[in-house]
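Coordinate inspection notes
Take a look at the letters that make up each chain.
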Amino acid sequence: MSPAKVTLNTEWLSVCGGCHVGIVDLHERLPDVLGAAEIRRCPVLTDVKSYPEADVGIIEGAVRNEHDRRAAEAMRKACRKIVALGTCAVYGGIPGAALAHSREEILDRVYVRNRTTKTNTVPGDEVSPLEKMVTPLDEVIPVDLYLPGCPPHAAFLFDGLLALIQGRPPKAGGESVCGRCRRTMSRTGADRILRLHEGVPDPDTCLLCQGYLCLGSVTLDRCLSPCPNNGVVCTGCAGPTMQILAEPNRDIRTEIGDRMARLTKIGRDDAVAEIERNAKTHYAYAMATRMIGGKSTFLIRKWIAGQEG
Amino acid sequence: MAKTIAIDPVTRIEGHARVRLDMADDGTVAEARLIVNELRGFERILVGMEADRMPLVTARICGVCPSAHHLAAVKALEAALGIAPPPAAVLLRELLYAGHYIHSHALSLFILAGPDLVFGVDGDPAVRNIVGVVQAAPEVANRALALRSLGQKINEMVGGRGIHPVTAVVGGTTFDPEPEKVQVLRNMADRGLALARELGRAVKELLAKRIAERPEFLTALQQPIFSMATVKDGKADVYDGRIRLVDAAGAVKAEFPPAEYETHLCEKAFDWSYMKPVYARSGGQDHVYRVGALARLNCADGMATPLAQAELDEFRATYGRPCHLAVPQIQARVVELVAACEKAQAIAADPAIRGDRRVPVRFRAGRGVGHVEAPRGTLFHDYEVDDKGIVRGANLVVATQQNYAAINASIKQAAGAFVAGRGDDRLLNAVEFAIRCYDPCLSCATHAAGRMPLEIEVRRGGETVRRLGRTA
């Protein structure tokens, strides 16, 4: 056993907690990690409430309010390396879809125009006010390592944590979800875009080839492709691939449109128009990141306003 | 002079929160508040999304009980469309859910509350965690991790993914129960049941020991209030059935289908917390009520399976019926852990899972309410959908917000018994322990708000005199 264990802090911001559950879900391998690292602060596991100094700080979740921002800054100060864990921390995740709405609209729907709420009280005392936007972590503090995924599969988490402990780069590569999908790609006569609930897809053929808007080809594999392998489209939960992020002229909708046009009888523009019409669904996990939002043709607010009338 | 005590953050719970205790001049606790400081606004975010994606998207409300949201969402949409999934699909969803219950209750029992049971509430905070438990009681800890892992593997195999499952689709399930998978599921369920019984005994012994050490756990922490839970033919059921509301004496005050939740429940916001408490309307009044494992045992006539029924008999013999004690909620989870393992075993052995698994679906304009018993209590999803299958309205009532009023009252009781008039910060954990007994999940409750480490802030005359977050 090495004399000095790697010390570890974790923190969660505006999140569901699934990435932390993912760490606990290393199950029987958890003691391996615990044996190699010394966990100092981890709100779900330990009773340490401050931010002790640590080699590594893992942060789950995006910044939604001032409390999140201060927690992120305190972690940055206390930890030598910061890991953005999960799609929310890296791209904003589903809570990032609040990008399409003002704070007032959100508070109104939750506390005022709400079916079962009999008060008109909007919390304002004692609670940290919402910031205008949901902000991915690296727009608030410098991040040293990104591990998106909703949550990342245990295989990536385990390797990622061990890599940090051993001081080596993690093995996670740049493959798309298609890489581990068992389905076969072949040109078909599909001429209509299908939603998840429509028909029963053939179990062996690529879902996109069958007319389903599967985002596997434009989504980073941090999951081992369970969705298409279980008959469900990839919804892009680990965020876009590097090609989409890095090149200004490529985007989720155009890439899927091009591919669909090659593989089916569905026209490129029809597929693009469908994705734009339901942009809130198809960009749900990554709309809050500047890497997507900064593309000059990405008009998410306009598309969403169109659908919501 | 009045003072305020703060615990910030409350730790070993699912989500972020702090506790504020306002002390009166005579040193007693005037008011106790659990302040939840996160809001994500799902009720607004979901509007405008494709309805068929709700089971996938709303799982992201909570990484602790994603399967509950996954299933409540799919049931709500099916209610809106007036369709029923085939029996095999229902069985497979229940199997997924049994796996989830094992996983979730094991988390609560062994990883969140376990350290308090093993070390006592005033144990050294530096070791009072799962790492400490692994070192102090490796046998129990490793079995607990193994049981939790089995639960998650069942959930993952049937649900496609463990955290944020995907296979429940409107009209059925996409999971194909191939024979070799079913054999694996059967083996896991068998092993799970053996482990659950063994660990259940360990939990009950430790709990009895802690109660013997501090009888105040029973005498100070009790609240005679209403209970609400789902029953099917009178038996506790976590996937489907009617919702039963019983009063503090155990008398049934209402039994209704989930679609009528709006008539029986109302939310009332505080201006000091993002989480909204919920009250049950009965006899022209709004009542504080509890949901979750203890409420389910209080509402049900019995359990559907024999070993769980034996656990229930033992529970009732020890703590009475209805039970209004906060601490035995831990043991109520043992009853349900055994029930979930028995359920998984029965479904995995049922040839009916090989039947048709999907019915055709076409969206039309409508509204539907779906519910399940999430591990922490009754969960409602309510959607309005248009004829193109786009969500036009969404309302969510989750477990922990329904326990909110009861949790605040337990905090006050715990603070009165363990904090007021004492200078011992170690007992602050007793306040957190009282909260942990409810296994609150603030991620859920903050679909609306999220997060729950705890800080206790003690205030007197409006000024903070102590901040007990072990922030030093």
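Above this text is the structure in question.
Described below are features of the structure shown in this document. (Residues numbered from 1 in each chain as written. Chains lettered and ligands numbered in written order. Predicted model: local features only at pLDDT ≥ 70, side-chain atom pairs only at ≥ 80, totals over all residues. Heavy atoms only, no water.)

1. A short note on the interface of chain B and chain A
To keep things clear, this is the line we draw: By definition in these notes, contact holds between two residues if any of their heavy atoms fall within 4.5 Å. Accessible area that two parts lose when put together, evaluated with a 1.4 Å probe and summed over both, is termed the buried area. Any carboxyl oxygen of Asp or Glu that lies within 4 Å of a side-chain nitrogen of Lys or Arg is treated as forming a salt bridge with it. Here a polar contact is taken to be a pair of N or O atoms separated by no more than 3.5 Å, where protein atoms must pair a possible hydrogen donor with a possible acceptor and residues adjacent in sequence count only if both atoms sit in side chains. Secondary structure elements are defined from DSSP: runs of H or I of at least 4 residues count as helices, runs of E of at least 2 residues count as strands, and each element is numbered from the N terminus.
On the side of chain A, 85 residues touch chain B, which itself brings 106 residues to the contact. Contact between chain B and chain A buries roughly 7,700 Å² in total, counting both sides, with carbon and sulfur atoms accounting for 55%. Of all residues in chain B, Arg44, Arg53 and Tyr274 of chain B give up the largest surface area on contact with chain A, accounting jointly for 10% of the area buried on that side. The tally of links between chain B and chain A comes to 9 salt bridges. The closest approach of N and O atoms between Glu50 of chain B and Arg195 of chain A, which form a salt bridge, is 3.2 Å. Taken together, the links from chain B to chain A amount to 42 residue pairs in polar contact (both at pLDDT 80 or more). A per-element tally of the side of chain B that touches chain A places helix α7 (residues 138–159) of chain B first, with 8 residues.

2. Re the sheet that holds strand β15 (residues 377–385) of chain B
Residue and element names in this part refer to chain B. Quick note on the threshold: At least two DSSP bridges between two strands are needed for those strands to be called paired. Here an axis means a line fitted to C-alpha atoms, over the contact stretch when the element is a helix, while the angle between two N-to-C directions is reported on a 0 to 180 degree scale.
Ordered in space as β14-β15-β16, the 3 strands form an open sheet in which the pairing is antiparallel. Edge strands, defined here as strands with exactly one partner in the open sheet, are β14 (366–374) and β16 (391–397). Within the sheet, the average angular offset between the axes of one strand and its neighbour, ignoring direction, is 15 degrees. Examined bridge by bridge, β15 and β16 share 6 bridges and lie antiparallel to one another. Bridge pairing links Glu384 to Gly393 in β16.

3. Side note on the packing of aromatic side chains
Selection rule: Classification of ring pairs rests on two measures: the distance between centres of Phe, Tyr or Trp rings, Trp counted by its six-membered ring, which must be within 6.5 Å, and the angle between planes, read as stacked under 30 degrees, edge-to-face over 60 and tilted in between. Think of it in three bands: with a 1.4 Å probe and only protein chains considered, a residue is buried below 20% of the maximum accessible area for its type, exposed above 50%, and partly exposed in between. By definition here, charges over rings are those cases where NZ of Lys or CZ of Arg is within 6 Å of the ring centre and within 35 degrees of the ring normal.
Counted by the stated rule, this structure contains 10 aromatic pairs over all chains. Between Phe217 of chain B and Phe418 of chain B, the ring centres sit 5.6 Å apart and the planes meet at 55 degrees, which makes this aromatic pair tilted. Of this pair, Phe217 of chain B sits in helix α9 (residues 216–219) while Phe418 of chain B is found in helix α15 (residues 404–418), placing the two residues 201 residues apart along the sequence. Phe418 of chain B carries the same exposure label as Phe217 of chain B, and that label is buried. Through pairs of rings, three or more aromatic residues link up here, namely Tyr283, Phe298 and Trp303 of chain A. The residue whose ring lies beneath Arg41 of chain A is Tyr51 of chain A, and the NZ or CZ to ring-centre distance is 4.1 Å. The residue whose ring lies beneath Lys75 of chain B is Tyr239 of chain B, and the NZ or CZ to ring-centre distance is 4.5 Å.

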